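Here are the chains, one letter per residue:
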Amino acid sequence: MTHVIVLGATGSVGKAVAEILAIHPEEFVVEGLVANKSNQALWELGQRLGARWIGLTDENACDPITGRLNGPEVVRGMPEILDHITDSPHSKVVGAMSGFSGLVPTLVAIEKGHDILLANKETMVAAGDLVRSYAAASGSQIIPVDSEHSAIFQCLAQDQPVRRLILTCSGGPFRGRTQTELKSVSIAEALNHPKWSMGKKISIDSATLMNKGLELIEAHQLFGVSYEQIDVVIHPQSIVHSMVEYMDGATLAQLGQPDMRVPVQVAFSWPQRWPLPTLPLDWSSLNLTFEKPDEKTFPALALARDVGRLGGMMPAIFNAANEVAVQAFLQQRIPYLGIVQTVEATLEKMQHNEPITTLDTVLHADRWGREMANLVITQRF
Ligand SMILES: NC(=O)c1ccc[n+]([C@@H]2O[C@H](COP(=O)([O-])OP(=O)(O)OC[C@H]3O[C@@H](n4cnc5c(N)ncnc54)[C@H](OP(=O)(O)O)[C@@H]3O)[C@@H](O)[C@H]2O)c1
């Protein structure tokens with residue numbers, strides 16, 4: 001049986017993971033489930049899945065569920081959670097926390113030699129070099145869960161040199177709009193993704209196309225392919241989840257309904273495929289279209305490519321500034337167009353780029369990016 005720890009168990013990806021664990025109870029022992037403050041939801045999930053422990057990073061949120069009988073052990077705060085991750089037997093750890101907060105537990109899990117099923121793209125963007133070097137040292141495997149990267153992972157099964165990777169992108173809720181039309185869009189409109197139901201941060205990232213920018217860097221880090229060899233194509237139907245073009249021109253794609261349970265289950269079952277009750281594609285009524293991204297209206301894509309090429313601390317600063325700006329937008333402190341403007345202005349202030357070789361360097365870059373982005377917001381908006 002496979003031992004499992006889920007970081008971000010109460011979120012949108014976490015729920016897909018819980019469904020897969022519940023569908024195949026004979027395959028799994030649930031060691032631990034981690035969230036921030038959703039105490040009741042985590043407790044119920046822990047009971048339902050028979051988890052040995054549940055951990056909340058917000059210690060105050062532990063109080064109402066501590067001391068309850070007939071359920072998992074309650075683990076209080078990040079340091080204790082990290083100890084439990086280290087003390088667990090060899091496990092598959094699902095990285096489904098949102099944002100940079102997923103980095104430290106992921107690195108601790110890798111150090112221990114656990115395998116990582118990674119949805120938390122911000123970890124790979126901010127510290128991809130570090131994650132890869134920790135994994136090389138411990139022998140831990142990183143298996144993508146992000147649907148595009150899972151598609152590429154599946155299409156790369158032959159392990160042959162590739163000409164390019166093609167990431168598909170739904171275009172988000174504002175596809176076809178101009179910058180002028182985007183000046184006063186509301187939070188509700190930005191959260192209203194046409195195809196996927198997801199957490200708030202990734203939904204806003206999808207509306208700015210920052211999500212695809214983060215995924216470009218994630219793809220570069222996961223598959224070791226240069227930025228010149230990664231293209232993005234808009235595919236509004238979200239049926240083709242991404243493609244790999246081989247040196248002979250043959251292009252392999254992975255298709256299916258937009259359903260996160262599929263990449264989650266593939267990450268657990270690979271190289272096998274397990275049954276899963278999913279909606280089949282109706283081929284005779286499919287109308288698949290593809291178009292170039294409008295990089296003038298959505299500058300986040302080009303910005304991510306530039307930042308990725310620069311490397312070092314720049315992707316971590318890019319990610320930190322974006323997290324701050326998305327939060328500010330959700331709190332109505334900046335307009336939608338202010339998100340990418342904040343990220344651009346933060347990056348412009350960076351004078352001394354350095355390679356990321358230690359956790360301290362990445363924590364420093366993240367802190368600097370957050371402070372500078374907050375300053376930009378205070379001064380500009
Ligand atoms: N949603 C998708 O379809 C999708 C697809 C591909 C990739 N991803 C990536 O997967 C990650 C999660 O996305 P999501 O949409 O599932 O996010 P979400 O719905 O907002 O859920 C986030 C989860 O992380 C937990 N969390 C947040 N901050 C934390 C902290 N400081 N300490 C511990 N736990 C914390 C939350 O706990 P609480 O409930 O207590 O707040 C929740 O369980 C993101 O990196 C996203 O880019 C998501």
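Residues numbered from 1 in each chain as written. Predicted model: local features only at pLDDT ≥ 70, side-chain atom pairs only at ≥ 80, totals over all residues. Heavy atoms only, no water.

(A) Spotlight on the nonpolar core. Counting residues in each nonpolar core, the largest one holds 120 residues, and the members touching the most others are Leu-21, Leu-33, Phe-268, Phe-318, Tyr-336 and Val-362. In terms of residues, this core owes the most to one element, helix H12 (residues 314-330), which gives ten residues. If sequence neighbours within four positions are ignored, Tyr-336 has contacts with Phe-174, Leu-182, Val-185, Ala-207, Thr-208, Phe-298 and Phe-329. (Core = buried A, V, L, I, M, F, W, Y, C linked by side-chain atoms within 4.5 Å. Buried < 20%, exposed > 50% of the residue type's maximum accessible area, 1.4 Å probe, protein only. Helix = DSSP H or I, 4+ residues; strand = E, 2+ residues; numbered from the N terminus. Contact = heavy atoms within 4.5 Å.)

(B) Representation of the pattern of salt bridges in the model. Counting across every chain of the model gives 19 salt bridges. Of the charged contacts in the structure, one is a salt bridge between Glu-122 and Lys-201, with a shortest N-O distance of 3.0 Å. Of this pair, Glu-122 sits in helix H5 (residues 121-138) while Lys-201 is found in helix H8 (residues 200-208), placing the two residues 79 residues apart along the sequence. The class for Lys-201 is buried, based on a relative accessible area of 16%. A salt bridge links Asp-205 to Lys-201, with the shortest nitrogen-to-oxygen separation between them at 2.5 Å. Highlighted residues: Asp-205 and Lys-201, both in helix H8, separated by four residues, approximately one helical turn. The class for Asp-205 is buried, based on a relative accessible area of 1%. It is possible to trace a salt-bridge network through shared partners that takes in Lys-121, Asp-146, Glu-148, Lys-212 and Glu-215. (Salt bridge = Lys/Arg side-chain N within 4 Å of Asp/Glu carboxyl O.)

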